[in-house]
Amino acid sequence: MVQVNNNTPIVLRVKFYKKGSLQYISHLDLVRTMMKVIVRAKLPLWYTEGFNPKPKLTFAAPLSIGTESMCEYMDIRLTEKIPTAIAKERLNANMTDEMQATEVYYPGEKLTALKWLAYEITLEIKDATPELAEKINSVLESEELQVFKKTKSGEALVNIKPLIKSASARVAGQRIMISCILSADPSAFLNPEYVIKVLKEKCGILSDDNLLEERYSIMRTNAYKENMTLFS
Amino acid sequence: MQKNDNISGILKSVSKPGRYIGGEYNSIIKNKADIKCRFAFAFPDTYEIGMSNLGVRILYDVLNKESDIWCERVYAPWPDMIEKMEQYAIPLSSVESGDPVRDFDLIGFSLQYELCYTTALRMLKLSGIPMWSKDRCESDPIIIAGGPCVYNAEPVAEFFDLINVGEGEEVLVEISRLYIEMKEDGSYSREAFLHKAASTIEGVYVPAFYDVSYNDDGTIKEYRPIFDDIPTKIKKRIISDLDKVSYPEKLVMPYIETVHDRIVLEVYRGCIRGCRFCQAGMVYRPIREKSPETLCKAAKCLYENTGYDEISLISLSISDYSKLRELTDGLLEWTDDAHVSLSLPSLRLDSFSEELMEKVTSVRTGGLTFAPEAGTQRLRDVINKNVTEDDLKRTIGIAFRGGKNNVKLYFMSGLPTERDEDIVGIADTAKTVVDCYFALPKTERPKGGVSVTISVACFIPKPFTPFQWEKQDSLEELERKQKLLKESITDRRIRYTYHDAKVSRLEGVLARGDRKLAKAIALAVDEGSIFDAWDEYFDYERWVSVLERSGIDTDFYTTRGYAEDETLPWDIIDAGVTKAYLLRERKKAYAAETTPSCAEHCNGCGANKLGGKNVWCK
Ligand code: SF4
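What you see is a predicted model; the values in this text were computed from it and never measured.

Let us look at the overall build of chain A. Scanning chain A for helices and strands turns up four helices and ten strands. On the principal axes, the C-alpha backbone points of chain A span a range of 65 × 35 × 30 Å. In chain A, which comprises 232 residues, the proportion classed as buried is 50%. For chain A, the proportion of contacts with a sequence separation of at least 24, taken over those separated by at least 6, is 73%. Summing over all exposed atoms, chain A offers an accessible surface of approximately 11000 Å²; the carbon and sulfur share of this is 53%. The averaged location of the 28 negative side-chain charges in chain A is 8 Å from the averaged location of its 31 positive side-chain charges.

Below you can see the structure in the form of structure tokens.
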């Protein structure tokens, strides 16, 4: 049956976290999961027109496997406005602890206004010393950071420095923490894994020989617009 | 610290880490303090395949409905993960709690196909549990097997402590209850528990309690029970009333893509058809139906708890369901509005109608698949696959007019009495489909031309079928026939795929084997065999070598054929259908005489003695 949609859909924005074990599911898996969450949540979903109508979900800056996030954004299209508190409650009842909505609202801006993303990288390594933090900082501050990066036309040596707004390392207990803000522009998106890659190469950290003792985690913490005000 | 934190480095280094994380919506977490029996349901294949298995979904739900039993899932890690687990001494653990499976009370393996045996045994090794039943000690879990392979599990019988023959919904709960009871009253020991289970629970087979002796020619002399109070033959268990048995209301929702990621409704068990090569059609008898009311209720409930947009109606031959119209009408009352599609995976050529095609989306949007199984009418009569070329033409006509131009046909080669003309007949049948397309007026033909794929499997004489005594074709003969068929296909619109004859040879040995094979299987596992059903891991040369070194003559189990008066390895099991019936059917096969379906009249197969409600047997 083909549904006729005379009404333009109403966009509902969900800010949610995706952490713990859920860092290991891909963006595609997330989309598939969310498709079922919104159905279970019984939201008044808007369906695409045509032969095979489907709800439409849009996400900002897809998260890659191995990165957790406190600030994911998803736009759902509805046929009518419902109170955001109810939408939030129903969505959360249909997700597990590791993924929950923190804010649900009718947005004033498009998802594409999101231009920069902040990350906290934690290195759990044997010698988490101030000297190492220093070394990491000097690498991150260099004029150029060349790294082999996937591009549309295969792997190429790319200078990722212009895609890094800021980055600095510090010692925190047995760990080294790196705070950085990276480009989230679809045309110049920088995956934080490349920062790890550069540090592996330049500082000789995180060898693959002992995956139980040398490891890292990445948490996306904040989203910004072009002028560095918070995205919402 | 969260469950997977300590192995995060490993999870980041393996393919598809989402397989190992658990935490799925609807997965069941219980408080260990309330639990008296921890049951690990082990599926010896990948997460993606195991998550799609209906049996696992049903039994996970049934066991977890018991408040003091916690059933968790375990899947086989992919070899890249196994390598890491061995390197870092990480034992196999369950998906839910992440606890090592060796700490569980009971571990139930679902044996769905023979080629999973090595994977199952490798899982035991990864758990640090001895592979052989006789080597396990009091503190080891009880290792259970179930699933379709147990109709002849003799080749792997000595690796399991207990085998559940037949449908598991009741038996597994009874076994767990007995375990709890004996642990609580202090009477538990492995031996006492297994003995009590074997003597008091119907459908329980404890292989160690049966001595097998052999004749000089290697055939089986007899099975002798070592206790007086255990059955001489293990009668398969069935669920009597499928409307009363519990069916999951929720499904564990995988985060990653699985093979069948949808709602599956089991409409009935058994099959009325009696195809003579088909084991499922025989061992799942008697036919027991669910009512449309039960099914519609289950579907709505599952939809609300999962959010899936597809409902698949499964059973061996769905169009034989006596209330199919009530069922599809009942579902269509709400599924269209909810944007949920229906799919029917098993359609028969003779019952395919325009009405059915309109109701099911998979038929509207996907390709069409049919299984004539044999290339000539004579051979189709031999195997009792009662479809004719006219059925095929009529069906294909409906499909083409419905806009389908992609047809897949399933066949078997190596069938009893098969001649070269039957092989050539497969190519002819495919050509008939192409011709049907061009026989249509141009305006009625679906766009994009026509494409026909023929997929040919090698016949394996399966236990509990009328063909159980038959010879399996030799490797050379199967490969010769594959070549003959290839040469007989002249139309480039026909695509031909076939099963590796070497894989079928091993499947034949494992499906028809006896306990003498155990040594070879253990050796194969020790030397690295795993995931035999996966092309990239199947190593035929290794199998030939371990079988040879274990003194096994594979011809004995395959090309030899079994004598009608021989004690068969699977004679220890009573699957319902009698030998007398199977022999009658075998004789009719040789006379190319067909047998009508159970809907027309009862053929006295013997399965009715098992009872059951809403059965076709009178
Ligand atoms: S007892 Fe008769 S009706 Fe029942 S399954 Fe057997 S042959 Fe069919």
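Moving on: the pattern of salt bridges. All names here are of chain B. Here the structure, examined in full by the defined rule, presents 61 salt bridges over all chains. Note that K393 and E389 form a salt bridge whose closest N and O atoms lie 3.7 Å from each other. Within this pair, K393 and its partner E389 are both found in helix α14 (residues 389-401), separated by four residues, close to a single helical turn. Shared partners join several salt bridges into a network, and the residues in it are E418, D420, D473, E477, R480 and K481.

A word on the packing of helix α5 (residues 117-127) of chain B against helix α18 (residues 518-526) of chain B. Residues and elements named next belong to chain B. Closest axis-to-axis distance for the α5/α18 pair is 9 Å, and the angle between their directions is 65°. With respect to the hand of their crossing, α5 and α18 are arranged in right-handed fashion. Listed contacts from α18 to T118, L121, R122 and K125 of α5 are I521, A524, V525 and D526.

Here we come to the sheet that holds strand β6 (residues 204-205) of chain B. All names here are of chain B. Pairing is mixed in the open sheet, where six strands are placed in the order β2-β1-β3-β4-β5-β6. Each having just a single partner strand, β2 (69-75) and β6 make up the two edges of the open sheet. Pairing of strand β5 (residues 162-164) with β6 involves two bridges; the strand directions are antiparallel. Residue I163 lies in a different strand from β6, and its bridge partner there is Y205. Across the sheet, α5 is in contact with β1 (37-43), β2, β3 (106-110) and β4 (142-146); its angle to β3 comes to roughly 155°. Across the face of the sheet, helix α6 (residues 168-184) comes into contact with β1, β2, β3, β4, β5 and β6 while running at roughly 140° to β1.

It is worth spelling out the packing of helix α16 (residues 475-488) of chain B against helix α17 (residues 501-512) of chain B at this point. All names here are of chain B. For the pair α16 and α17, interaxial distance at closest approach is 10 Å and the crossing angle is 140°. Comparing the axis directions of α16 and α17 gives the class oblique. At the point where α16 passes α17, the crossing takes the right-handed sense. Contacts from L475, L478, E479 and Q482 in α16 reach A501, K502 and R505 in α17.

A few words on the packing of aromatic side chains. All names here are of chain B. Following the criterion strictly, the structure yields 25 aromatic pairs over all chains and no others. Relative to W534, the ring of W78 lies with its centre 4.8 Å away and its plane at 70°, an arrangement referred to as edge-to-face. One end of the pair, W78, is in the loop between β2 and α4 (79-87); the other, W534, is in the loop between α18 and α19 (540-549), with 456 residues separating them in the sequence. By relative accessible area, W78 is classed as buried at 12%.

On to a negative patch on the surface. On the surface, a cluster of negative charge is contributed by E476(B), E479(B), D500(B), D535(B) and E536(B). According to the relative accessible area criterion, E536(B) is exposed, its value standing at 53%.

As a further point, take the interface of chain B and chain A. The interface is formed by 39 residues belonging to chain B together with 34 residues belonging to chain A. In this assembly, chain B packs against chain A so that about 2900 Å² is buried in total across both faces, 58% of it on carbon and sulfur atoms. Per-residue buried area on chain B facing chain A is highest for K12(B), Y255(B) and H339(B); these three make up 26% of the total on that side. Across the chain B-chain A interface, the total number found is three salt bridges.

Residue and element names in this part refer to chain B. The buried count for β4 comes to five of five residues, which makes it a mostly enclosed element. In the sheet, β3 pairs with β4 via five bridges, with the strands oriented parallel. The residue bridging S110 from the neighbouring strand is G146, located in β4. In the classification by handedness, the crossover that spans β3, the intervening α5 and the parallel β4 is right-handed. As paired elements, β4 and β5 share two bridges and run parallel to each other. Of the residues in β5, the one forming a bridge with I144 is L162.

Procedures and definitions
Residues numbered from 1 in each chain as written. Chains lettered and ligands numbered in written order. Predicted model: local features only at pLDDT ≥ 70, side-chain atom pairs only at ≥ 80, totals over all residues. Heavy atoms only, no water. Helix = DSSP H or I, 4+ residues; strand = E, 2+ residues; numbered from the N terminus. Buried < 20%, exposed > 50% of the residue type's maximum accessible area, 1.4 Å probe, protein only. Contact = heavy atoms within 4.5 Å. Areas by Shrake-Rupley, 256 points an atom, 1.4 Å probe, with all protein chains shown as cover. Lys, Arg positive; Asp, Glu negative; His and termini not counted. Charge placed at Lys NZ, Arg CZ, Asp CG, Glu CD. Salt bridge = Lys/Arg side-chain N within 4 Å of Asp/Glu carboxyl O. Axes fitted to C-alpha atoms, helices over the stretch in contact; angles between N-to-C directions. Left-handed = near helix turned anticlockwise from the far one by under 90°. Pairing = 2+ DSSP bridges. Parallel < 35°, antiparallel > 145°, perpendicular 65-115°, else oblique. Phe/Tyr/Trp six-rings, centres within 6.5 Å; stacked < 30°, edge-to-face > 60°. Patch = residues over 30% accessible without salt bridge, like charges linked within 9 Å, V, L, I, M, F, W, Y side chains within 5 Å. Buried area = accessible area lost by both parts, 1.4 Å probe. Right-handed = clockwise from strand over helix to strand, strands pointing away.

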